[in-house]
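# Topology and contacts: notes
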Amino acid sequence: MAFKDMRAFLAHLEEAGQLRRVNVPFNVERGRNELQALMRHLAETNGPALILDNLEGYNTPGVPLVFNPYGTRERTAMILGTRDPVEAKLRHFKVLQDPSTWIKPKMVDAAKAPCKDVVIPRDKLSVDKHIPHVFFGREGASYITGGVGVSKDPETGIRNVGAYRVTSFWNSEHPQGGSYSEAQQKKQLSMFAFWNPPMSHVGLHLAKAQKMGRPLEIAIACQVDPALHLASATGIPYGMDEYDYAGGLRGAPVELVKCETVDLEVPATAEYVIEGVFRPDVPTDIIGWHSNSVGYYDKHQIFPILDVTCITHRKDPLWYGTIEMMPPFDHNYMALMPIEGELLADLQRKIPEVKDAVVTPNMTYIVQLSVDGESKPHPEFGKYVLHAVWGAAGRWPRTAKMLVVVGPDVDPYDISAVEWAIQTRVQPVSDIIMNRAGQAFVLDPSAPKGPQGFPTSSEQMGIDATIKVPERFSDYAEVSQADRAQVEQVARKLAGRL
Ligand SMILES: Cc1cc2nc3c(=O)[nH]c(=O)nc-3n(C[C@H](O)[C@H](O)[C@H](O)COP(=O)(O)O)c2cc1C
(Lines give C-alpha, C1' and ligand atoms only; values in the text may rest on other atoms or scores of the structure.)
Protein backbone atom coordinates (compact mmCIF):
# COMPACT_ATOMS: atom_id res chain seq x y z
CA MET A 1 0.00 0.00 0.00
CA ALA A 2 1.49 3.37 -1.01
CA PHE A 3 0.19 6.64 0.41
CA LYS A 4 0.77 9.50 -2.00
CA ASP A 5 1.52 11.87 0.86
CA MET A 6 0.83 12.60 4.51
CA ARG A 7 -2.71 13.73 3.60
CA ALA A 8 -3.56 10.32 2.13
CA PHE A 9 -2.38 8.66 5.35
CA LEU A 10 -4.50 11.04 7.44
CA ALA A 11 -7.54 10.28 5.24
CA HIS A 12 -6.89 6.57 5.87
CA LEU A 13 -6.78 7.19 9.64
CA GLU A 14 -10.01 9.21 9.47
CA GLU A 15 -11.80 6.48 7.54
CA ALA A 16 -10.71 3.97 10.20
CA GLY A 17 -12.08 6.21 12.99
CA GLN A 18 -8.56 6.98 14.19
CA LEU A 19 -8.47 10.73 13.51
CA ARG A 20 -10.63 13.60 14.75
CA ARG A 21 -10.76 17.24 13.68
CA VAL A 22 -10.83 19.45 16.77
CA ASN A 23 -11.42 23.18 16.92
CA VAL A 24 -11.22 23.48 20.70
CA PRO A 25 -8.69 26.29 21.31
CA PHE A 26 -5.24 25.22 22.54
CA ASN A 27 -2.38 27.59 23.30
CA VAL A 28 0.97 26.92 21.60
CA GLU A 29 2.99 29.92 22.80
CA ARG A 30 6.35 29.51 24.49
CA GLY A 31 5.80 29.21 28.23
CA ARG A 32 1.98 29.11 27.95
CA ASN A 33 1.40 26.09 25.74
CA GLU A 34 -1.04 23.28 26.52
CA LEU A 35 0.28 20.72 24.05
CA GLN A 36 2.47 18.67 26.39
CA ALA A 37 -0.58 18.17 28.62
CA LEU A 38 -2.63 17.22 25.56
CA MET A 39 0.03 14.67 24.56
CA ARG A 40 -0.05 13.08 28.02
CA HIS A 41 -3.84 12.99 28.02
CA LEU A 42 -3.91 11.25 24.65
CA ALA A 43 -1.18 8.78 25.70
CA GLU A 44 -3.09 7.91 28.90
CA THR A 45 -6.40 7.43 27.12
CA ASN A 46 -5.09 5.70 23.99
CA GLY A 47 -6.45 8.72 22.14
CA PRO A 48 -6.78 9.28 18.40
CA ALA A 49 -4.77 11.39 15.97
CA LEU A 50 -6.01 14.98 15.86
CA ILE A 51 -6.09 17.85 13.42
CA LEU A 52 -6.11 21.05 15.48
CA ASP A 53 -7.32 24.11 13.63
CA ASN A 54 -7.98 26.65 16.33
CA LEU A 55 -4.63 27.25 17.99
CA GLU A 56 -3.97 30.31 20.11
CA GLY A 57 -0.63 32.15 20.05
CA TYR A 58 0.20 30.45 16.73
CA ASN A 59 2.26 32.32 14.11
CA THR A 60 0.50 30.68 11.11
CA PRO A 61 -3.21 30.41 12.05
CA GLY A 62 -4.20 29.18 8.57
CA VAL A 63 -2.04 26.04 8.82
CA PRO A 64 -3.77 23.13 10.63
CA LEU A 65 -1.65 21.16 13.09
CA VAL A 66 -1.48 17.37 12.85
CA PHE A 67 -1.08 15.92 16.34
CA ASN A 68 -0.50 12.38 17.66
CA PRO A 69 -0.76 10.52 14.30
CA TYR A 70 1.65 7.76 15.45
CA GLY A 71 0.54 7.65 19.11
CA THR A 72 -0.20 3.90 19.16
CA ARG A 73 1.57 0.86 17.76
CA GLU A 74 -1.58 0.16 15.73
CA ARG A 75 -1.55 3.54 13.94
CA THR A 76 2.18 3.23 13.32
CA ALA A 77 1.51 -0.19 11.74
CA MET A 78 -1.13 1.45 9.51
CA ILE A 79 1.71 3.27 7.74
CA LEU A 80 2.51 -0.10 6.18
CA GLY A 81 -1.10 -0.98 5.40
CA THR A 82 -1.92 -3.24 8.35
CA ARG A 83 -3.34 -2.69 11.83
CA ASP A 84 -1.20 -5.45 13.32
CA PRO A 85 2.10 -4.15 14.77
CA VAL A 86 3.80 -7.55 14.47
CA GLU A 87 2.85 -7.87 10.80
CA ALA A 88 4.11 -4.31 10.15
CA LYS A 89 7.39 -5.03 11.88
CA LEU A 90 7.87 -8.21 9.83
CA ARG A 91 7.19 -6.28 6.63
CA HIS A 92 9.65 -3.56 7.64
CA PHE A 93 12.38 -6.08 8.42
CA LYS A 94 11.77 -8.35 5.41
CA VAL A 95 12.17 -5.44 2.99
CA LEU A 96 15.19 -4.24 4.96
CA GLN A 97 16.80 -7.69 4.72
CA ASP A 98 16.38 -7.93 0.95
CA PRO A 99 17.64 -4.92 -1.04
CA SER A 100 16.53 -6.67 -4.26
CA THR A 101 12.97 -5.62 -3.26
CA TRP A 102 13.92 -1.93 -2.98
CA ILE A 103 12.59 0.42 -5.66
CA LYS A 104 14.52 3.40 -7.04
CA PRO A 105 12.80 6.81 -6.84
CA LYS A 106 11.33 8.54 -9.88
CA MET A 107 12.02 12.18 -10.82
CA VAL A 108 9.06 14.44 -11.68
CA ASP A 109 8.95 17.99 -13.10
CA ALA A 110 8.66 20.92 -10.73
CA ALA A 111 5.34 21.81 -12.46
CA LYS A 112 3.90 18.50 -11.20
CA ALA A 113 5.26 18.85 -7.67
CA PRO A 114 2.74 20.21 -5.13
CA CYS A 115 5.60 21.09 -2.75
CA LYS A 116 6.48 23.88 -5.23
CA ASP A 117 3.05 25.57 -5.11
CA VAL A 118 4.64 28.45 -3.22
CA VAL A 119 8.37 29.24 -3.58
CA ILE A 120 9.94 31.77 -1.19
CA PRO A 121 13.52 32.75 -2.08
CA ARG A 122 16.13 33.65 0.54
CA ASP A 123 15.72 37.43 0.23
CA LYS A 124 11.96 37.17 0.89
CA LEU A 125 11.84 34.41 3.46
CA SER A 126 11.44 34.84 7.17
CA VAL A 127 11.40 31.84 9.48
CA ASP A 128 8.91 33.60 11.78
CA LYS A 129 6.32 33.93 8.99
CA HIS A 130 6.97 31.07 6.62
CA ILE A 131 7.36 28.12 8.98
CA PRO A 132 4.79 27.25 11.67
CA HIS A 133 6.03 27.29 15.27
CA VAL A 134 4.51 25.42 18.19
CA PHE A 135 6.18 25.29 21.58
CA PHE A 136 5.93 22.46 24.09
CA GLY A 137 6.38 22.13 27.84
CA ARG A 138 9.24 24.26 29.17
CA GLU A 139 11.22 24.10 25.94
CA GLY A 140 13.04 27.28 24.99
CA ALA A 141 12.75 26.75 21.23
CA SER A 142 10.25 25.35 18.74
CA TYR A 143 11.14 22.20 16.80
CA ILE A 144 10.59 20.71 13.39
CA THR A 145 10.13 16.99 13.99
CA GLY A 146 8.16 15.97 10.89
CA GLY A 147 11.07 16.51 8.53
CA VAL A 148 13.38 14.12 6.72
CA GLY A 149 16.86 15.55 6.14
CA VAL A 150 18.53 14.96 2.77
CA SER A 151 22.26 15.46 2.14
CA LYS A 152 25.06 13.99 0.01
CA ASP A 153 28.46 12.63 0.99
CA PRO A 154 30.80 15.47 -0.03
CA GLU A 155 33.37 12.98 -1.38
CA THR A 156 31.21 10.43 -3.19
CA GLY A 157 27.99 12.36 -3.82
CA ILE A 158 26.00 9.39 -2.43
CA ARG A 159 22.72 10.52 -0.88
CA ASN A 160 21.46 9.99 2.67
CA VAL A 161 17.97 10.59 4.04
CA GLY A 162 17.49 10.62 7.82
CA ALA A 163 14.96 11.81 10.39
CA TYR A 164 16.74 14.49 12.41
CA ARG A 165 15.11 17.20 14.49
CA VAL A 166 15.59 20.80 13.50
CA THR A 167 15.18 23.74 15.83
CA SER A 168 14.48 27.40 15.36
CA PHE A 169 15.88 30.51 17.02
CA TRP A 170 12.77 32.57 16.37
CA ASN A 171 11.18 33.82 19.57
CA SER A 172 13.35 31.36 21.51
CA GLU A 173 14.57 31.75 25.05
CA HIS A 174 18.37 31.66 25.28
CA PRO A 175 19.29 29.12 28.00
CA GLN A 176 22.11 31.28 29.37
CA GLY A 177 20.31 34.60 29.32
CA GLY A 178 21.80 35.71 25.97
CA SER A 179 19.89 36.51 22.82
CA TYR A 180 19.68 35.42 19.20
CA SER A 181 20.26 38.06 16.50
CA GLU A 182 17.42 39.10 14.20
CA ALA A 183 19.24 37.53 11.22
CA GLN A 184 19.56 34.26 13.14
CA GLN A 185 15.88 34.30 14.12
CA LYS A 186 14.66 34.99 10.57
CA LYS A 187 17.14 33.30 8.21
CA GLN A 188 18.71 30.46 10.19
CA LEU A 189 17.81 27.17 11.83
CA SER A 190 19.89 24.52 13.53
CA MET A 191 19.93 20.74 13.20
CA PHE A 192 20.80 17.77 15.41
CA ALA A 193 23.53 16.75 12.98
CA PHE A 194 26.71 15.87 14.82
CA TRP A 195 29.00 12.96 14.04
CA ASN A 196 29.30 11.77 17.57
CA PRO A 197 28.21 8.58 19.31
CA PRO A 198 25.84 7.02 18.62
CA MET A 199 26.44 8.53 15.18
CA SER A 200 24.20 9.72 12.37
CA HIS A 201 24.95 9.81 8.66
CA VAL A 202 24.21 13.50 8.21
CA GLY A 203 26.72 14.06 11.03
CA LEU A 204 29.30 12.11 9.05
CA HIS A 205 28.57 14.26 5.97
CA LEU A 206 28.97 17.40 8.03
CA ALA A 207 32.25 16.24 9.59
CA LYS A 208 33.66 15.35 6.14
CA ALA A 209 32.56 18.67 4.60
CA GLN A 210 34.09 20.56 7.49
CA LYS A 211 37.40 18.72 7.10
CA MET A 212 37.39 19.48 3.36
CA GLY A 213 36.55 23.15 4.02
CA ARG A 214 33.39 22.84 1.91
CA PRO A 215 29.78 23.82 2.52
CA LEU A 216 27.21 21.05 3.07
CA GLU A 217 23.82 21.45 1.40
CA ILE A 218 20.73 20.20 3.19
CA ALA A 219 17.04 19.86 2.35
CA ILE A 220 14.41 19.12 4.96
CA ALA A 221 11.17 17.72 3.56
CA CYS A 222 8.37 18.07 6.09
CA GLN A 223 5.25 15.91 6.33
CA VAL A 224 5.81 13.26 3.70
CA ASP A 225 4.30 9.79 3.20
CA PRO A 226 5.01 8.29 6.65
CA ALA A 227 6.53 5.17 5.02
CA LEU A 228 9.36 7.45 3.92
CA HIS A 229 9.57 8.82 7.42
CA LEU A 230 9.92 5.24 8.73
CA ALA A 231 12.62 4.51 6.13
CA SER A 232 14.51 7.65 7.08
CA ALA A 233 14.40 6.65 10.75
CA THR A 234 15.87 3.24 9.89
CA GLY A 235 19.63 2.80 10.20
CA ILE A 236 20.32 1.30 6.79
CA PRO A 237 24.03 0.80 5.99
CA TYR A 238 26.01 3.91 5.10
CA GLY A 239 26.07 4.51 1.35
CA MET A 240 22.64 2.95 0.70
CA ASP A 241 19.75 5.25 -0.20
CA GLU A 242 16.72 5.45 2.11
CA TYR A 243 14.59 6.58 -0.88
CA ASP A 244 15.20 3.14 -2.45
CA TYR A 245 14.29 1.38 0.79
CA ALA A 246 11.17 3.55 1.14
CA GLY A 247 10.22 2.51 -2.42
CA GLY A 248 10.45 -1.12 -1.32
CA LEU A 249 8.31 -0.46 1.78
CA ARG A 250 5.69 1.36 -0.31
CA GLY A 251 5.81 -1.07 -3.21
CA ALA A 252 6.08 2.00 -5.51
CA PRO A 253 8.81 4.55 -6.22
CA VAL A 254 9.04 7.74 -4.19
CA GLU A 255 8.45 10.67 -6.56
CA LEU A 256 11.18 13.26 -6.24
CA VAL A 257 11.71 16.79 -7.52
CA LYS A 258 14.88 18.89 -7.70
CA CYS A 259 15.39 21.57 -5.08
CA GLU A 260 15.55 25.27 -6.01
CA THR A 261 18.86 26.33 -4.45
CA VAL A 262 20.71 23.11 -3.53
CA ASP A 263 21.70 20.06 -5.57
CA LEU A 264 19.32 17.71 -3.77
CA GLU A 265 16.04 15.92 -4.44
CA VAL A 266 12.96 15.91 -2.20
CA PRO A 267 9.56 14.14 -2.24
CA ALA A 268 7.30 16.07 -4.63
CA THR A 269 4.28 15.81 -2.30
CA ALA A 270 5.97 17.13 0.87
CA GLU A 271 3.94 19.80 2.65
CA TYR A 272 6.99 22.04 3.21
CA VAL A 273 10.60 21.95 1.99
CA ILE A 274 13.34 23.91 3.71
CA GLU A 275 16.58 24.23 1.76
CA GLY A 276 19.79 25.36 3.40
CA VAL A 277 23.51 25.12 3.74
CA PHE A 278 26.01 24.57 6.53
CA ARG A 279 28.88 27.00 5.84
CA PRO A 280 32.41 25.49 5.96
CA ASP A 281 33.29 27.00 9.34
CA VAL A 282 29.93 25.65 10.70
CA PRO A 283 29.12 28.00 13.55
CA THR A 284 27.21 26.45 16.43
CA ASP A 285 24.85 27.88 18.99
CA ILE A 286 23.31 26.83 22.22
CA ILE A 287 19.59 26.18 22.64
CA GLY A 288 17.58 25.06 25.64
CA TRP A 289 15.78 23.89 27.55
CA HIS A 290 15.21 20.89 25.34
CA SER A 291 12.79 18.12 26.29
CA ASN A 292 14.36 14.80 25.32
CA SER A 293 13.16 11.33 24.42
CA VAL A 294 14.19 9.75 27.75
CA GLY A 295 11.87 12.14 29.58
CA TYR A 296 14.14 14.88 30.97
CA TYR A 297 15.01 18.45 30.04
CA ASP A 298 18.53 19.05 28.75
CA LYS A 299 19.49 22.45 30.17
CA HIS A 300 21.16 23.09 26.85
CA GLN A 301 22.13 21.45 23.57
CA ILE A 302 24.70 22.75 21.09
CA PHE A 303 23.66 22.51 17.45
CA PRO A 304 25.29 23.50 14.14
CA ILE A 305 23.70 26.52 12.44
CA LEU A 306 22.09 26.21 9.03
CA ASP A 307 21.54 29.15 6.63
CA VAL A 308 18.11 28.80 5.07
CA THR A 309 18.32 29.43 1.32
CA CYS A 310 14.72 28.78 0.26
CA ILE A 311 11.36 27.58 1.62
CA THR A 312 8.71 26.00 -0.60
CA HIS A 313 5.31 24.68 0.40
CA ARG A 314 1.95 23.39 -0.78
CA LYS A 315 -1.00 25.71 -1.34
CA ASP A 316 -2.88 24.83 1.86
CA PRO A 317 -0.11 23.18 3.84
CA LEU A 318 -0.32 21.04 6.96
CA TRP A 319 2.13 21.09 9.84
CA TYR A 320 2.97 18.31 12.31
CA GLY A 321 3.83 19.10 15.93
CA THR A 322 5.15 16.68 18.51
CA ILE A 323 7.24 16.60 21.65
CA GLU A 324 9.76 14.21 23.15
CA MET A 325 9.00 13.77 26.86
CA MET A 326 8.59 11.04 29.47
CA PRO A 327 7.42 8.08 27.34
CA PRO A 328 5.09 7.15 25.87
CA PHE A 329 4.63 9.99 23.39
CA ASP A 330 3.42 10.11 19.82
CA HIS A 331 6.50 9.67 17.68
CA ASN A 332 8.43 7.22 19.84
CA TYR A 333 6.45 4.45 18.10
CA MET A 334 7.68 5.87 14.76
CA ALA A 335 11.25 5.52 16.07
CA LEU A 336 10.74 2.08 17.71
CA MET A 337 9.53 0.08 14.72
CA PRO A 338 12.68 0.84 12.69
CA ILE A 339 14.91 -0.17 15.61
CA GLU A 340 12.98 -3.43 16.06
CA GLY A 341 13.20 -4.11 12.30
CA GLU A 342 16.94 -3.38 12.18
CA LEU A 343 17.64 -5.61 15.18
CA LEU A 344 15.46 -8.48 13.98
CA ALA A 345 16.97 -8.38 10.47
CA ASP A 346 20.49 -8.51 11.88
CA LEU A 347 19.86 -11.17 14.55
CA GLN A 348 17.88 -13.53 12.33
CA ARG A 349 20.65 -13.50 9.74
CA LYS A 350 22.98 -14.92 12.36
CA ILE A 351 20.69 -16.70 14.83
CA PRO A 352 17.64 -18.40 13.27
CA GLU A 353 16.27 -19.19 16.75
CA VAL A 354 15.47 -15.47 17.26
CA LYS A 355 11.70 -15.15 16.82
CA ASP A 356 10.94 -11.52 17.67
CA ALA A 357 12.52 -8.34 19.03
CA VAL A 358 10.57 -5.66 20.86
CA VAL A 359 11.81 -2.28 22.06
CA THR A 360 9.57 -0.61 24.65
CA PRO A 361 8.94 3.16 24.68
CA ASN A 362 11.48 3.36 27.53
CA MET A 363 14.02 1.52 25.35
CA THR A 364 14.10 -1.83 27.13
CA TYR A 365 15.04 -4.47 24.57
CA ILE A 366 13.24 -7.82 24.70
CA VAL A 367 14.32 -10.65 22.43
CA GLN A 368 12.02 -13.65 22.12
CA LEU A 369 13.46 -17.00 21.03
CA SER A 370 11.64 -19.85 19.31
CA VAL A 371 13.50 -22.31 21.58
CA ASP A 372 13.93 -22.71 25.33
CA GLY A 373 15.16 -25.22 27.91
CA GLU A 374 16.50 -28.37 26.33
CA SER A 375 15.59 -27.21 22.79
CA LYS A 376 18.18 -24.41 23.03
CA PRO A 377 21.07 -25.24 20.68
CA HIS A 378 23.55 -25.18 23.55
CA PRO A 379 23.69 -24.39 27.28
CA GLU A 380 23.89 -20.68 28.09
CA PHE A 381 22.43 -19.88 24.66
CA GLY A 382 20.49 -16.95 26.18
CA LYS A 383 23.75 -15.24 27.12
CA TYR A 384 25.12 -15.68 23.62
CA VAL A 385 22.02 -13.84 22.33
CA LEU A 386 22.57 -11.00 24.86
CA HIS A 387 26.04 -10.41 23.45
CA ALA A 388 24.72 -10.62 19.89
CA VAL A 389 22.28 -7.75 20.61
CA TRP A 390 25.06 -5.52 21.93
CA GLY A 391 27.08 -6.36 18.81
CA ALA A 392 24.17 -5.99 16.37
CA ALA A 393 24.20 -3.74 13.32
CA GLY A 394 22.63 -0.29 13.47
CA ARG A 395 22.97 2.68 15.68
CA TRP A 396 20.85 1.74 18.70
CA PRO A 397 21.10 -1.92 19.89
CA ARG A 398 24.63 -1.28 21.20
CA THR A 399 23.00 1.25 23.57
CA ALA A 400 20.59 -1.36 25.06
CA LYS A 401 20.93 -0.62 28.76
CA MET A 402 18.30 -3.11 29.87
CA LEU A 403 17.98 -6.19 27.71
CA VAL A 404 16.00 -9.37 28.34
CA VAL A 405 16.01 -12.67 26.42
CA VAL A 406 12.88 -14.82 26.84
CA GLY A 407 11.53 -18.11 25.50
CA PRO A 408 8.63 -18.66 23.05
CA ASP A 409 5.94 -18.86 25.76
CA VAL A 410 6.60 -15.27 26.95
CA ASP A 411 4.83 -12.49 25.04
CA PRO A 412 7.53 -9.83 24.53
CA TYR A 413 4.88 -7.08 24.25
CA ASP A 414 3.50 -7.95 27.71
CA ILE A 415 5.72 -6.40 30.38
CA SER A 416 3.95 -8.40 33.11
CA ALA A 417 4.81 -11.66 31.29
CA VAL A 418 8.44 -10.55 30.90
CA GLU A 419 8.58 -9.69 34.60
CA TRP A 420 7.15 -13.15 35.39
CA ALA A 421 9.89 -14.79 33.34
CA ILE A 422 12.55 -12.77 35.19
CA GLN A 423 11.06 -13.69 38.57
CA THR A 424 10.80 -17.38 37.84
CA ARG A 425 13.66 -18.18 35.46
CA VAL A 426 16.53 -15.94 36.56
CA GLN A 427 19.14 -16.17 39.29
CA PRO A 428 20.54 -12.66 39.32
CA VAL A 429 24.23 -13.40 39.93
CA SER A 430 24.36 -16.25 37.40
CA ASP A 431 21.95 -15.03 34.72
CA ILE A 432 22.50 -11.29 34.51
CA ILE A 433 25.50 -10.00 32.61
CA MET A 434 26.67 -6.65 33.95
CA ASN A 435 28.50 -4.88 31.17
CA ARG A 436 30.63 -2.09 32.65
CA ALA A 437 31.75 -0.63 29.33
CA GLY A 438 28.68 -0.41 27.11
CA GLN A 439 27.78 2.34 24.70
CA ALA A 440 25.65 5.04 26.35
CA PHE A 441 22.33 6.24 25.05
CA VAL A 442 23.53 9.78 24.67
CA LEU A 443 20.56 11.34 26.52
CA ASP A 444 20.65 9.07 29.60
CA PRO A 445 21.18 11.42 32.56
CA SER A 446 22.39 8.58 34.80
CA ALA A 447 25.47 7.82 32.64
CA PRO A 448 28.65 9.77 33.48
CA LYS A 449 29.48 12.57 31.05
CA GLY A 450 32.61 12.17 28.91
CA PRO A 451 35.09 14.89 27.92
CA GLN A 452 32.74 16.11 25.14
CA GLY A 453 30.13 16.99 27.76
CA PHE A 454 27.71 14.12 27.08
CA PRO A 455 27.75 10.42 28.02
CA THR A 456 29.45 8.02 25.63
CA SER A 457 29.85 4.95 27.83
CA SER A 458 27.33 3.37 30.15
CA GLU A 459 26.88 0.30 32.30
CA GLN A 460 24.39 -2.18 30.88
CA MET A 461 22.41 -5.16 32.11
CA GLY A 462 21.54 -8.22 30.06
CA ILE A 463 19.06 -10.64 31.63
CA ASP A 464 18.95 -14.22 30.42
CA ALA A 465 15.35 -15.20 31.27
CA THR A 466 15.41 -18.49 29.41
CA ILE A 467 14.86 -21.82 31.22
CA LYS A 468 18.20 -23.17 32.47
CA VAL A 469 17.83 -26.69 31.18
CA PRO A 470 20.22 -28.42 30.71
CA GLU A 471 22.82 -26.08 32.22
CA ARG A 472 21.33 -25.99 35.74
CA PHE A 473 18.38 -28.41 35.89
CA SER A 474 17.46 -31.63 34.12
CA ASP A 475 13.79 -30.58 33.90
CA TYR A 476 11.64 -27.57 34.92
CA ALA A 477 8.35 -26.95 36.73
CA GLU A 478 5.23 -26.98 34.51
CA VAL A 479 3.63 -23.57 33.90
CA SER A 480 0.19 -23.16 35.46
CA GLN A 481 -1.75 -21.09 32.96
CA ALA A 482 -4.95 -21.66 30.97
CA ASP A 483 -4.67 -22.34 27.30
CA ARG A 484 -5.55 -19.32 25.07
CA ALA A 485 -8.04 -21.30 22.90
CA GLN A 486 -9.87 -22.54 26.00
CA VAL A 487 -10.01 -18.99 27.44
CA GLU A 488 -11.68 -17.82 24.24
CA GLN A 489 -14.10 -20.75 24.38
CA VAL A 490 -15.06 -19.86 27.95
CA ALA A 491 -15.48 -16.20 26.98
CA ARG A 492 -17.85 -17.23 24.16
CA LYS A 493 -19.87 -19.38 26.59
CA LEU A 494 -20.26 -16.39 28.87
CA ALA A 495 -20.99 -13.84 26.17
CA GLY A 496 -23.73 -11.42 27.30
CA ARG A 497 -24.09 -13.10 30.72
CA LEU A 498 -21.62 -11.17 32.88
C1 LIG B 1 10.71 11.60 14.76
C2 LIG B 1 12.16 11.23 14.86
C3 LIG B 1 13.10 12.18 15.24
C4 LIG B 1 14.45 11.85 15.30
N5 LIG B 1 15.35 12.82 15.65
C6 LIG B 1 16.67 12.55 15.63
C7 LIG B 1 17.61 13.59 15.89
O8 LIG B 1 17.25 14.72 16.15
N9 LIG B 1 18.91 13.28 15.84
C10 LIG B 1 19.35 12.01 15.54
O11 LIG B 1 20.56 11.80 15.50
N12 LIG B 1 18.48 11.00 15.31
C13 LIG B 1 17.16 11.24 15.34
N14 LIG B 1 16.25 10.24 15.10
C15 LIG B 1 16.74 8.87 14.83
C16 LIG B 1 17.30 8.77 13.42
O17 LIG B 1 16.33 9.18 12.48
C18 LIG B 1 17.70 7.34 13.07
O19 LIG B 1 18.73 6.92 13.93
C20 LIG B 1 18.13 7.19 11.62
O21 LIG B 1 18.60 5.89 11.41
C22 LIG B 1 19.21 8.19 11.25
O23 LIG B 1 19.51 8.07 9.87
P24 LIG B 1 20.99 7.73 9.41
O25 LIG B 1 21.26 6.34 9.92
O26 LIG B 1 20.93 7.80 7.91
O27 LIG B 1 21.87 8.77 10.01
C28 LIG B 1 14.88 10.53 15.03
C29 LIG B 1 13.93 9.57 14.68
C30 LIG B 1 12.58 9.91 14.60
C31 LIG B 1 11.58 8.87 14.21
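These numbers come from a predicted model, not from an experiment. (Residues numbered from 1 in each chain as written. Predicted model: local features only at pLDDT ≥ 70, side-chain atom pairs only at ≥ 80, totals over all residues. Heavy atoms only, no water.)

## Notes on the overall build of the protein
Helices and strands together make up the secondary structure of the protein, namely 14 helices and 26 strands. Expected size for 498 residues packed as a compact globule is a radius of gyration near 23 Å; at 24 Å, the protein falls within 12% of this value. When its C-alpha atoms are laid out on the principal axes, the protein stretches across 75 × 60 × 50 Å. Excluding contacts between residues fewer than 6 apart, the proportion of contacts in the protein whose partners are at least 24 apart in sequence is 73%. When the accessible surface of the protein is split by element, carbon and sulfur atoms take 52% of a total near 21,300 Å². The centroid of the 52 positive side-chain charges in the protein is displaced by 2 Å from the centroid of its 60 negative side-chain charges. (Helix = DSSP H or I, 4+ residues; strand = E, 2+ residues; numbered from the N terminus. Rg over C-alpha atoms; globule rule 2.2 N^0.38 Å. Contact = heavy atoms within 4.5 Å. Areas by Shrake-Rupley, 256 points an atom, 1.4 Å probe, with all protein chains shown as cover. Lys, Arg positive; Asp, Glu negative; His and termini not counted. Charge placed at Lys NZ, Arg CZ, Asp CG, Glu CD.)

## Observations concerning the nonpolar core
Counting residues in hydrophobic clusters, the biggest one holds 83 residues, and the most contacted among them are Tyr-365 and Val-367. Looking at which element gives the most residues to this core, the answer is helix H10 (residues 332-350), with nine residues. Taken domain by domain, this core gets at least three of its residues from each of domain 1 (6-321) and domain 2 (351-484). Counting residues in hydrophobic clusters, the runner-up holds 45 residues, among them Val-28, Met-191, Leu-306 and Met-325. (Core = buried A, V, L, I, M, F, W, Y, C linked by side-chain atoms within 4.5 Å. Buried < 20%, exposed > 50% of the residue type's maximum accessible area, 1.4 Å probe, protein only. Domains from an automatic or database assignment.)

## A few points about the sheet that holds strand E6 (residues 106-107)
With mixed pairing, the three strands of this open sheet are ordered in space as E6-E14-E15. If you trace the sheet from one side to the other, it starts and ends with E6 and strand E15 (265-267), each paired once. With two bridges joining them, E6 and strand E14 (residues 255-258) adopt parallel strand pairing. When the sheet's bridge partners are listed, Lys-106 is paired in E14 with Glu-255. (Pairing = 2+ DSSP bridges.)

## A short note on the domain arrangement of the protein
Partitioning the protein into structural domains gives domain 1 (6-321) and domain 2 (351-484). If you average the C-alpha positions of domain 1 and of domain 2, the two centres end up 33 Å apart. Listed by partner, the interface residues are 15 residues for domain 1 and 18 residues for domain 2. Together, the buried faces of domain 1 and domain 2 total about 1,400 Å²; carbon and sulfur atoms form 60% of this surface. Applying the counting criterion to the domain 1 and domain 2 interface returns one salt bridge. Between Asp-356 and Lys-89 there is a salt bridge, with its nearest N and O atoms 2.7 Å apart. Our count for the contact surface shared by domain 1 and domain 2 stands at five residue pairs in polar contact (both at pLDDT 80 or more). A per-class count over the side of domain 1 that touches domain 2 returns seven nonpolar, five polar and three charged. (Buried area = accessible area lost by both parts, 1.4 Å probe. Salt bridge = Lys/Arg side-chain N within 4 Å of Asp/Glu carboxyl O. Polar contact = N/O pair within 3.5 Å; in protein donor to acceptor, adjacent residues only side chain to side chain. Nonpolar A, V, L, I, M, F, W, Y, C, P; charged D, E, K, R; others polar.)

## A look at a nonpolar patch on the surface
On the surface, Val-490, Leu-494 and Leu-498 cluster together to form a nonpolar patch covering roughly 320 Å² of accessible area. Turning to its location among the elements, Val-490 is positioned in helix H14 (residues 484-494). (Patch = residues over 30% accessible without salt bridge, like charges linked within 9 Å, V, L, I, M, F, W, Y side chains within 5 Å.)

## Let's talk about the packing of helix H4 (residues 85-97) against helix H9 (residues 242-250)
Two numbers describe how H4 lies on H9: the axes approach to 10 Å, and their chain directions differ by 130°. Classified by the interaxial angle, the pair formed by H4 and H9 is oblique. The two elements H4 and H9 cross, and the hand of that crossing is right-handed. Across from Arg-91, His-92, Val-95 and Leu-96 in H4, the residues of H9 making contact are Tyr-245, Gly-248, Leu-249 and Arg-250. Residues that form the contact of H4 with H9 fall into these classes: four nonpolar, two polar and two charged. (Axes fitted to C-alpha atoms, helices over the stretch in contact; angles between N-to-C directions. Parallel < 35°, antiparallel > 145°, perpendicular 65-115°, else oblique. Left-handed = near helix turned anticlockwise from the far one by under 90°.)

## Describing the packing of aromatic side chains
Scanning the entire structure with this criterion turns up 12 aromatic pairs. When the ring of Trp-289 is compared with that of Tyr-297, the centres are 5.4 Å apart and the planes differ by 45°; the resulting orientation is tilted. Residue Trp-289 is classed as partly exposed on the basis of its relative accessible area of 24%. Judged by its relative accessible area of 27%, Tyr-297 is partly exposed. A network of ring pairs unites the aromatic residues Phe-3, Phe-9, Tyr-70 and Tyr-320 as a single cluster. Just above the ring of Tyr-143 sits the side chain of Arg-165; from NZ or CZ to the centre is 4.2 Å. (Phe/Tyr/Trp six-rings, centres within 6.5 Å; stacked < 30°, edge-to-face > 60°. Lys NZ or Arg CZ within 6 Å of the ring centre and 35° of its normal.)

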